Amino acid sequence: MTAIGPTRTDDPERGTLDKAADENFPVAPFFLPRAWRTDLMAVYGFARLVDDIGDGDLAPGGADARLLGVAPEEADDRPAVLDAFETDLRRVFDGTPHHPLLRRLQPTVRRRSLTPEPFLGLIAANRQDQLVKRYETYDDLLAYCELSANPVGRLVLAVTGTATPERIRRSDAVCTALQIVEHLQDVAEDLGRDRIYLPAQDMKRFHVQESDLAAPTAGASVRALIAYEAERARVLLNEGTPLVGSVHGRLKLLLAGFVAGGKAAVRAIVAAEYDVLPGPPKPGRIQLLREVGTTLRGEG
């Protein structure tokens with residue numbers, strides 16, 4: 001998973017939460033009820049921190065590791081820090097956690113009757129990132145997204161008290177699509193971390209070598225591969241779009257923002273003619289607002 005946002009500050013809690021402004025999606029926008037915003041930011045703090053641990057993007061100095069009880073000589077050992085983080089997460093449910101972001105999460109867990117499973121899934125995804133650098137098939141990638149992306153949508157539904165089996169299914173489709181789109185935007189950055197989220201089977205089909213992904217611009221084969229994966233993401237977004245119409249009020253606007261953000265990102269990739277290697281193609285604000293309107297009208 002790719003970390004996004006400014007450098008963390010000397011305050012681990014504030015440095016993590018401040019990254020919300022730079023995400024590809026609205027985390028806890030102003031129009032939501034205050035209680036929802038509080039709880040969504042608590043969930044975001046957990047998700048952002050576990051990604052920062054997994055990506056090696058913690059602030060220099062080891063403050064987070066110290067808070068989790070990790071010895072100084074293991075502060076850069078990502079699996080060790082993830083293990084300590086899981087131990088502290090379990091304290092959220094049966095004790096008093098050490099890290100301030102997990103202490104912030106505890107009232108949310110109790111208020112919304114959240115279970116450990118989605119949080120453990122996000123930790124498992126980051127553990128997998130330490131071990132698995134390539135994915136052979138699209139199904140392998142989907143299994144990864146089950147851990148790395150889908151728990152976030154499930155937590156949003158749980159926090160807002162709107163989870164049903166059908167909504168969870170639609171949410172999973174949206175979240176998986178958003179993860180795939182992020183992977184397409186960040187091909188070059190991920191390669192710099194020695195990670196490739198493009199399925200090897202698909203790379204072979206389109207005659208793409210790993211060295212092709214290190215080029216400054218994409219050749220025809222890479223563009224064809226990116227187009228193929230972008231269409232898969234678009235189909236998933238369309239499958240998940242009815243989620244928006246299944247809810248009402250301000251939650252409908254929030255979920256429309258998630259779906260529209262994904263669709264606008266796909267359009268930006270198309271507009272870049274599928275050349276994602278120079279940097280992440282990102283939609284402009286006007287394009288995003290248009291997509292929100294289209295999604296709310298049920299036309300997307």
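As shown above, the structure is provided for reference.
Report follows, based on the coordinates. Residues take numbers from 1 onward in each chain, read along the sequence in its written order. Reporting of local features is limited, given that this is a predicted model, to residues whose pLDDT is at least 70; pairs of side-chain atoms are given and counted only at 80 or more, and all residues count toward the totals for whole chains, interfaces and linings. Computation of side-chain values: all heavy atoms of the structure, hydrogens and water removed.

**A closer look at the packing of helix α7 (residues 138-148) against helix α9 (residues 165-185)**
Stage number 1. Between α7 and α9, the shortest axis-to-axis distance is 9 Å and the interhelical angle comes to 110°. Looking at the two axes, α7 sits roughly perpendicular to α9. Helix-helix and strand crossings are classified by hand; for α7 and α9 the assignment is right-handed. Contacts from Y138, L141, L142, Y144, C145 and S148 in α7 reach T176, Q179, I180 and H183 in α9.
Stage number 2. Nonpolar residues are Ala, Val, Leu, Ile, Met, Phe, Trp, Tyr, Cys and Pro. Charged residues are Asp, Glu, Lys and Arg, and all others, Gly as well, are polar. Across the contact of α7 with α9, the residue classes break down as 6 nonpolar, 4 polar and no charged. To obtain an axis, a line is fitted to C-alpha atoms, over the contacting stretch when the element is a helix, and the angle between two such axes runs from 0 to 180 degrees between their N-to-C directions. Under the scheme used here, helices are H or I runs from DSSP no shorter than 4 residues and strands are E runs no shorter than 2 residues, and both carry numbers assigned from the N terminus. If an angle is under 35 degrees, it is roughly parallel; if it is over 145, roughly antiparallel; if it lies from 65 to 115, roughly perpendicular; otherwise it is oblique. Working rule for handedness: look at the near helix, and if it is turned counterclockwise from the far one by less than a right angle, call the crossing left-handed; if clockwise, right-handed. Contacts are residue-level and defined by heavy atoms, with any inter-residue pair within 4.5 Å sufficient.

**Remarks on the packing of aromatic side chains**
Stage number 1. Only Phe, Tyr and Trp rings take part, Trp by its six-membered ring, and two of them pair if their centres are within 6.5 Å. Stacked means planes under 30 degrees apart, edge-to-face means over 60, and tilted covers everything else. By the definition in use, this model includes 8 aromatic pairs.
Stage number 2. Geometrically, the ring pair formed by F30 and F31 is edge-to-face, given 5.7 Å between the ring centres and 80° between the ring planes.
Stage number 3. Residue class for F30 comes out exposed when judged on its relative accessible area of 72%.
Stage number 4. For the pair F46 and F119, a centre-to-centre distance of 5.0 Å together with 80° between the ring planes defines the contact as edge-to-face. Of the two residues, F46 is situated in helix α2 (residues 34-55) and F119 in helix α6 (residues 117-131); the sequence distance between them amounts to 73 residues. With respect to burial, F46 and F119 carry one shared label: buried.
Stage number 5. The criterion is that NZ of a Lys, or CZ of an Arg, lies within 6 Å of the ring centre and within 35 degrees of the ring normal, and then a charge sits over that ring. Its end group placed over the ring of Y228, R205 keeps NZ or CZ at 4.6 Å from the ring centre. Burial classification: accessible surface area is computed with a 1.4 Å probe over protein chains only, and a residue below 20% of its type maximum counts as buried, one above 50% as exposed, and the rest as partly exposed.

**A look at the nonpolar core**
Stage number 1. Core analysis: the biggest nonpolar cluster contains 75 residues, and F46, F85, L105 and L198 have the highest contact counts within it.
Stage number 2. Dropping the residues within four chain positions of it, L198 is found in contact with Y135, L184, V187, M203, L213, L225, I226 and E229. Note on terminology: a nonpolar core comprises buried Ala, Val, Leu, Ile, Met, Phe, Trp, Tyr and Cys residues joined through side-chain atoms within 4.5 Å.

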